[in-house]
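Architecture and fold: a report
Okay, here's what each chain looks like letter by letter:
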Amino acid sequence: MTFYTYMTRKHIDDDTPMGDLARDMKEDKEKFPRNENSKIRGWHGYLYNYLCDHGACGACLDTFDEAWEEYVKWVRSRRNGN
């Protein structure tokens, strides 16, 4: 599952900063980059730079870091069969 799909499925209805990020990502659905097959290596920096290039504020970037960490844990747990 891509980070985009993970966020829009898990957090889209949340009244939290992660929910805000998920909704912003969905608004940008045509252009927001998607990592294939739960690929994580190198993608944090790529997505972080994408957000910076599109005017994300510091709080948004902090939320992205938190969301990415959550996503990586989810990907690794799926790979380990949990």
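Everything discussed here concerns the structure shown above.
In short, a report on the structure.

What counts and how
- Residues numbered from 1 in each chain as written.
- Predicted model: local features only at pLDDT ≥ 70, side-chain atom pairs only at ≥ 80, totals over all residues.
- Heavy atoms only, no water.
- Axes fitted to C-alpha atoms, helices over the stretch in contact; angles between N-to-C directions.
- Helix = DSSP H or I, 4+ residues; strand = E, 2+ residues; numbered from the N terminus.
- Parallel < 35°, antiparallel > 145°, perpendicular 65-115°, else oblique.
- Left-handed = near helix turned anticlockwise from the far one by under 90°.
- Contact = heavy atoms within 4.5 Å.
- Nonpolar A, V, L, I, M, F, W, Y, C, P; charged D, E, K, R; others polar.
- Buried < 20%, exposed > 50% of the residue type's maximum accessible area, 1.4 Å probe, protein only.
- Arc of directions from axis to C-beta.

Here we look at the packing of helix H1 (residues 3-10) against helix H2 (residues 17-27)
- With their axes 9 Å apart at the nearest point, H1 and H2 run at an angle of 125° to one another. Classed by the angle they form, the pair H1 and H2 counts as oblique. Judged by the twist between their axes, the crossing of H1 over H2 is left-handed. Taken together, the residues of H2 that come into contact with H1 (itself represented by Phe3, Tyr4, Met7 and Thr8) are Met18, Leu21, Ala22, Met25 and Lys26.
- Its residues placed into classes, the contact of H1 with H2 shows 7 nonpolar, 1 polar and 1 charged.

Describing H2
- Listed in full, the buried residues belonging to H2 are Met18, Gly19, Leu21, Ala22 and Met25. The buried residues of H2 all sit within an arc of 160° when viewed along its axis, so they share a single face. Set apart from the buried face of H2 by more than 90 degrees, the exposed residues are Pro17 and Glu27.
- Contact partners of the buried residues in H2: H1 and helix H4 (58-79).

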